[in-house]
Amino acid sequence: DVYAELGTVFYFDYDQSLLRPDSRADLTGHAARLKASGQSVRLEGHADDRGTREYNMALGERRANAVRDFLLLQGVNASQMETISYGEESPAQDGGSSYARSQNRRVEMK
């Protein structure tokens, strides 16, 4: 499967919802797969533990929307995508280290 190598977790810089260049390449591949297959995906936005719960929910949503908007621009149908934000509630890594926080600033494609 040519798409098996594509990453499904897309990381973001601190307090940012801009896609990083390394994410764009994998997302372009996912867009081709989604257009060909018609399958649906859920884009789950996450934030690290800095900031208020409300702020992090909004930031997670902005991140999920950034991935969705990129896929839309690549021609994926909006009906194939669902976005949800978990804010800081579902960390990939526990702890307050800079590494843990960098792993928690993400969108997961499921």
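Scroll up for the structure.
Residues numbered from 1 in each chain as written. Predicted model: local features only at pLDDT ≥ 70, side-chain atom pairs only at ≥ 80, totals over all residues. Heavy atoms only, no water.

A. Structural view of the overall build of the protein. When you go through the protein residue by residue, the secondary structure sums to three helices and four strands. Order of helices (α) and strands (β) in the protein, N terminus to C terminus: β-α-β-α-β-α-β. Its C-alpha atoms give the protein a radius of gyration of 14 Å, within 12% of the compact-globule value 13 Å for 110 residues. C-alpha atoms of the protein, sized along the principal axes, occupy 40 × 25 × 20 Å. Counting every position in the protein, which comprises 110 residues, the buried fraction comes to 38%. Across the protein, the fraction of contacts at a sequence separation of at least 24, relative to all contacts at a separation of at least 6, is 73%. Put simply, the protein shows about 5900 Å² of open surface, and 47% of that area lies on carbon and sulfur atoms. A gap of 2 Å separates the mean positions of the 14 positive and 17 negative side-chain charges of the protein. (Helix = DSSP H or I, 4+ residues; strand = E, 2+ residues; numbered from the N terminus. Rg over C-alpha atoms; globule rule 2.2 N^0.38 Å. Buried < 20%, exposed > 50% of the residue type's maximum accessible area, 1.4 Å probe, protein only. Contact = heavy atoms within 4.5 Å. Areas by Shrake-Rupley, 256 points an atom, 1.4 Å probe, with all protein chains shown as cover. Lys, Arg positive; Asp, Glu negative; His and termini not counted. Charge placed at Lys NZ, Arg CZ, Asp CG, Glu CD.)

B. Quick peek at the packing of aromatic side chains. Applying the stated rule across the entire model yields zero aromatic pairs. It is Arg62 that lies over the ring of Tyr55; its NZ or CZ is 5.5 Å from the centre. (Phe/Tyr/Trp six-rings, centres within 6.5 Å; stacked < 30°, edge-to-face > 60°. Lys NZ or Arg CZ within 6 Å of the ring centre and 35° of its normal.)

C. Local environment of helix 1 (residues 21–37). An ideal rise of 1.5 Å per residue puts 24 Å on 17 residues; helix 1 measures up with 25 Å between its terminal C-alpha atoms. Among the residues of helix 1, Ser23, Leu27, Gly29, His30, Ala31, Arg33 and Leu34 are the ones counted as buried. In the core, the buried residues of helix 1 are packed alongside strand 1 (9–11), strand 2 (41–46), helix 2 (53–73) and strand 4 (106–109). Looking one or two places after helix 1, you find Gly38, whose phi comes out positive at around 75°. (Expected span 1.5 Å × (residues − 1).)

D. Layout of the sheet that holds strand 4. Taken in spatial order, the four strands of this open sheet run 1-4-2-3, and their pairing is mixed. In this open sheet, the two strands that pair with only one neighbour each are strand 1 and strand 3 (81–87). Looking at each pair of strands side by side, their axes are set apart by 20° on average, direction ignored. Sheet topology note: the strand 2/strand 3 ladder contains six bridges and is parallel. Within the sheet, the bridge partner assigned to Leu43 lies in strand 3 and is Thr83. Across the sheet, helix 1 is in contact with strand 1, strand 2 and strand 4; its angle to strand 1 comes to roughly 145°. Taken strand by strand, helix 2 contacts strand 2, strand 3 and strand 4, and its axis lies near 155° from that of strand 3. (Pairing = 2+ DSSP bridges. Axes fitted to C-alpha atoms, helices over the stretch in contact; angles between N-to-C directions.)

The analysis is restricted to geometry; functional conclusions fall outside its scope.
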